[in-house]
Number of protein chains: 2
Amino acid sequence: MYSLEELDRIIERMTGVVCREKEPCNLYDPIGYMMSIGGKRIRPKMCLLTYGLFSNQYDNSILYPAMALEMFHEFTLLHDDIMDKSDTRRGHTTVYRKWNQNIAILSGDVMSIEAYRLLGSVNPKYLKKAMDLFTDMAVKVCEGQQYDMDFENLPFITMDDYMSMIGLKTAVLIACSAKMGALLAGAPDEVCDALYRYGYQIGLAFQITDDYLDTFGNERTFGKKIGGDIANNKKTWLLVEAFRLADASQRRTLEELLNLDDSHKEEKFDSMRRLYEDLGVKEKAIEAMDLCKRKADESIAAVNLSDVQKNLMDSFANQLIYREK
Amino acid sequence: MYSLEELDRIIERMTGVVCREKEPCNLYDPIGYMMSIGGKRIRPKMCLLTYGLFSNQYDNSILYPAMALEMFHEFTLLHDDIMDKSDTRRGHTTVYRKWNQNIAILSGDVMSIEAYRLLGSVNPKYLKKAMDLFTDMAVKVCEGQQYDMDFENLPFITMDDYMSMIGLKTAVLIACSAKMGALLAGAPDEVCDALYRYGYQIGLAFQITDDYLDTFGNERTFGKKIGGDIANNKKTWLLVEAFRLADASQRRTLEELLNLDDSHKEEKFDSMRRLYEDLGVKEKAIEAMDLCKRKADESIAAVNLSDVQKNLMDSFANQLIYREK
């Protein structure tokens, strides 16, 4: 098995391989740019990690499909940036701003197709299963993005609404990545399904952490501005939980804060954060992450893994959940 | 073999089957809408037609993949309408206008994924080949769209530029459809490739006809406004050919006409059409269609088809090329 650092290096090399310069450059340059500006490469890493639990044969029939997961993820970000009118992504100008909107739409379209091309490198005996798994995931990610946009127009959503939405938008891709590695390594169906449930829980925790850091993160270690979610009234885990825990008077305060306009940005952030702390939302978020992590571990309790394998999985999961940036 | 009318009815029924109502409705309603507002269904028809040359076993393993071609085509139109800021398509409000831009982007994304889901219904023994054929086509269509947008900013393109662009944007999808049917019916590789070349030439002719009708079509039989290409200075077959044939003085006239603004729309259309006629561009366009049709026929001359089969293919090709709308 490769270490997490070795997997990082493999993925970095593969990123160069899958993004060759091609014509027309207005179509392919944005793809190379998007793939090169980084990110955590969580999805291919998860896929290579679970593959390594059952096989040592690392060749293109696993490396390319692992990159298909990253290519698909980056495609969704590229289109999300248009929909959200985001100017920057990971400290770089977004494709839609650096080139233009039409180029961003079309480059994204090609990335989703390229993801299928990369997926096509699997051993033919797994192609049907891999394609079904991937397509099911891809549709769900789009559904999650649509629910997320729909929720923006609702005054209120329940915790169930929220968890279903991030399940679709974030968790199924990490679940698919975990299952894909096992599937392509020839693991039995029940093991593949266990790893899917594992990845799903890790994915939920990962998103709760994302929401947590945007309010409680340290800007220095986080490496980017915090507070965007509060400024935009985003329906995060924290806000949904706050509404769940608030009494009538706190609920009124929450609603007043949501109605504050941009000129009160700092006051809004400080008051909202204080209210979250008063309500115990900060600790509850950590508990929610812990619960997901426990459920993840339970999902694979019956899978026969060595201590070395368990430790490797665990240290990756902890990096994803209990991270500072 | 089914007649062309029977194929139309089969495709109409399948359109209802592949567009079921699903949640979230802001994601799926636009897909049902886009698929329901019609179009010529050329691609699935071509696919079912070439399938019928080699097999009579019509089941979901051919019907769904045929619909994948239509789903992909409609996806490209949905995103093209955003890029072109088009208000109407086939006499109906475009998705981007009827809902909004973000919904149009995301619904299109799901359609391209749904196309792969439909394709996944092929007999597993053909899955790898079908997926490679489809993905190669899909990437090329996007490249063609990018060249088309790039060309808008160029003062001049050659006939080679134009033919390559419509080859990518229009012809490869019809070529892929023709080959897909043969492939899924188990036809030998050289026959599949011959049908690809056949479809490619039919596709080129189809696009030249499209350009022709936008200037020389009869609005009553055409069923929609003509003259849009001239108004928008679109680099059509007619304009490219006109530049190729023009002498120095006619070239100056062409450039003056291209510089006329919207307030001279009718004068511009009438003068441009007259210039095309003076240059013989109108007849040359018909000759170009004839040449493509001849090349198409030559491509499949070596394929062993009965007279009935040949006639059916021919009557479909003629409907596509020598059409009035």
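Above this text sits the structure in question.
Computed from a predicted model, the values in this text were never measured in an experiment.

### Thoughts on the overall build of chain A
Consideration 1: The helix and strand inventory of chain A stands at 16 helices and two strands.
Consideration 2: In summary, chain A has a C-alpha radius of gyration of 20 Å against a globular reference of 20 Å for 325 residues, a match within 12%.
Consideration 3: Projected onto its principal axes, the C-alpha coordinates of chain A cover approximately 60 × 50 × 35 Å.
Consideration 4: Across the 325 residues in chain A, those meeting the buried criterion constitute 59%.
Consideration 5: Pairs at least 24 residues apart make up 76% of the contacts formed inside chain A by residues separated by at least 6 positions.
Consideration 6: Summed over its atoms, the accessible surface of chain A is roughly 14,000 Å², and 46% of this surface lies on carbon and sulfur atoms.
Consideration 7: Positive and negative charge centroids in chain A, built from 41 and 51 side chains respectively, lie 3 Å apart.

### Quick notes on the relation of the copies chain B and chain A
Consideration 1: With an RMSD of 0.0 Å, chain B superimposes on chain A once it is rotated by 180° and translated 0.0 Å along the axis. On the angle and the small slide along the axis, the relation comes out as a two-fold axis.
Consideration 2: Comparing interface residues between copies, 100% of those in chain B also sit at the interface in chain A, which points to an isologous, same-surface contact.

### Thoughts on the packing of aromatic side chains
Consideration 1: Tallying each qualifying case throughout the model produces 21 aromatic pairs over all chains.
Consideration 2: Pairwise contacts between aromatic rings join A:Phe72, A:Phe75, A:Tyr116, A:Phe134, B:Phe72, B:Phe75, B:Tyr116 and B:Phe134 into one cluster.
Consideration 3: One cation-aromatic arrangement involves A:Lys98 over A:Trp99; the distance from NZ or CZ to the ring centre is 5.7 Å.

### Structural notes on the interface of chain B and chain A
Often, the extent of an interface is quoted as the loss of accessible area upon association of its parts.
Consideration 1: Listed by partner, the interface residues are 36 residues for chain B and 36 residues for chain A.
Consideration 2: Each partner contributes to the roughly 3,600 Å² buried at the junction of chain B and chain A, and carbon and sulfur atoms together form 69% of this total.
Consideration 3: The tally of links from chain B across to chain A stands at zero salt bridges.
Consideration 4: Taken together, the connections running from chain B to chain A amount to eleven residue pairs in polar contact (both at pLDDT 80 or more).
Consideration 5: If you list the elements that add at least two residues to the side of chain B that touches chain A, you get α2 (25-36), α4 (60-83), α6 (101-119) and α7 (127-152) of chain B.
Consideration 6: With 13 residues, α7(B) is the single largest residue contributor to the side of chain B that touches chain A.

### Things to note about helix α3 (residues 42-52) of chain B
All names here are of chain B.
Consideration 1: Extensive coverage of α3 is indicated by the burial of eleven of its eleven residues.
Consideration 2: Of all the residues in α3, the buried ones are Ile42, Arg43, Pro44, Lys45, Met46, Cys47, Leu48, Leu49, Thr50, Tyr51 and Gly52.
Consideration 3: Elements in contact with the buried residues of α3: α1 (4-18), α4, α8 (159-184), α9 (189-216) and α16 (307-321).

### So, the packing of helix α2 (residues 25-36) of chain A against α7(B)
Consideration 1: For the pair α2(A) and α7(B), the least separation of the axes is 9 Å and the interaxial angle reads 115°. The segment α2(A) lies against α7(B), with A:Asn26, A:Leu27 and A:Tyr28 engaging B:Val139, B:Cys142, B:Glu143, B:Gln146 and B:Asp150.
Consideration 2: Considered class by class, the residues forming the contact of α2(A) with α7(B) number four nonpolar, two polar and two charged.

### Focus: the nonpolar core
Consideration 1: In this structure, A:Phe72, A:Phe134, A:Met180, B:Phe72, B:Phe134 and B:Met180 are the most contacted members of the largest nonpolar core, which totals 253 residues.
Consideration 2: If we skip the residues at most four places from it in the chain, B:Met180 touches B:Cys47, B:Leu119, B:Ala130, B:Leu133 and B:Phe134.

### Some details on empty space enclosed by the protein
Residues and elements named next belong to chain B.
Consideration 1: Evaluated as defined, the whole model comprises four cavities of 30 Å³ or more.
Consideration 2: Counted as a void, the largest cavity has a volume near 90 Å³.
Consideration 3: Looking at the largest cavity, the residues that line it are Val18, Cys19, Arg20, Lys22, Tyr28, Ile31, Gly32, Met71 and Glu114.
Consideration 4: Considering every element that reaches the lining of the largest cavity, the biggest residue donor is α2, with three residues.
Consideration 5: For the lining of the largest cavity, the class distribution of residues is five nonpolar, one polar and three charged.

Here is what the cut-offs are and how they apply
- Per-chain numbering applies: the sequence of each chain, read as written, is numbered from 1 onward.
- Chains carry letters and ligands carry numbers; both start at the beginning, A for chains and 1 for ligands, and go up in the order they are written.
- Local features in a predicted model are, by the rule used here, given only for residues with pLDDT of at least 70; side-chain atom pairs are given and counted only at 80 or more, and totals for whole chains, interfaces and linings are based on all residues.
- Excluded from the side-chain calculation are hydrogens and water; included are all heavy atoms of the structure.
- The way it works is that DSSP assigns letters per residue, a run of H or I at least four long becomes a helix, a run of E at least two long becomes a strand, and they are numbered from the N terminus.
- Here the radius of gyration uses the C-alpha set of atoms, whereas the globule reference equals 2.2 Å times the residue count to the power 0.38.
- The rule is simple: take the accessible area with a 1.4 Å probe, protein chains only, and divide by the maximum for that residue type; under 20% is buried, over 50% is exposed, in between is partly exposed.
- The contact criterion used is simple: two residues touch if any of their non-hydrogen atoms lie within 4.5 Å.
- The Shrake-Rupley method, run with a 1.4 Å probe, gives the accessible areas here. Residue values count only the displayed protein chains as cover.
- Charge counting treats Lys and Arg as positive and Asp and Glu as negative, with His and both chain ends excluded.
- A charged residue contributes its charge at one atom only: NZ of Lys, CZ of Arg, CG of Asp or CD of Glu.
- Alignment of copies: least-squares fit on C-alpha atoms of residues with pLDDT of at least 70 in both copies.
- The pairing test for Phe, Tyr and Trp rings, Trp by its six-membered ring, is centres within 6.5 Å, and the orientation test on the planes gives stacked under 30 degrees, edge-to-face over 60, and tilted for anything in between.
- In our convention, an over-ring charge means Lys NZ or Arg CZ found within 6 Å of a ring centre and within 35 degrees of that ring's normal.
- Note on definitions: buried area is the accessible-area loss of two parts on being combined, 1.4 Å probe, summed for both.
- Note on definitions: salt bridges are taken to be side-chain nitrogens of Lys or Arg within 4 Å of carboxyl oxygens of Asp or Glu.
- By the criterion applied in these results, polar contacts are pairs of N or O atoms within 3.5 Å in which, for protein atoms, one can donate a hydrogen and the other can accept it, and in which residues neighboring in sequence qualify only through two side-chain atoms.
- Helix axes use the C-alpha atoms of the stretch in contact, all axes being lines fitted to C-alpha atoms, and the angles between their N-to-C directions lie in the range 0 to 180 degrees.
- For this scheme, ten residues count as nonpolar: Ala, Val, Leu, Ile, Met, Phe, Trp, Tyr, Cys and Pro. Four count as charged, namely Asp, Glu, Lys and Arg, and the remainder, Gly too, count as polar.
- Buried residues of nine kinds, namely Ala, Val, Leu, Ile, Met, Phe, Trp, Tyr and Cys, make up a nonpolar core once their side-chain atoms join them within 4.5 Å.
- The method works on a 1 Å grid over the protein atoms by themselves. A cavity is a set of points holding a 1.4 Å probe that cannot get out, a pocket is an open set with protein on both sides within 12 Å along at least five of seven lines, and residues with an atom within 4 Å of a point line them.
- Grid points are joined across faces, edges and corners, and a volume is the space filled by probe spheres set on the points.

The quantities given are spatial measurements derived from coordinates; they are silent on function.
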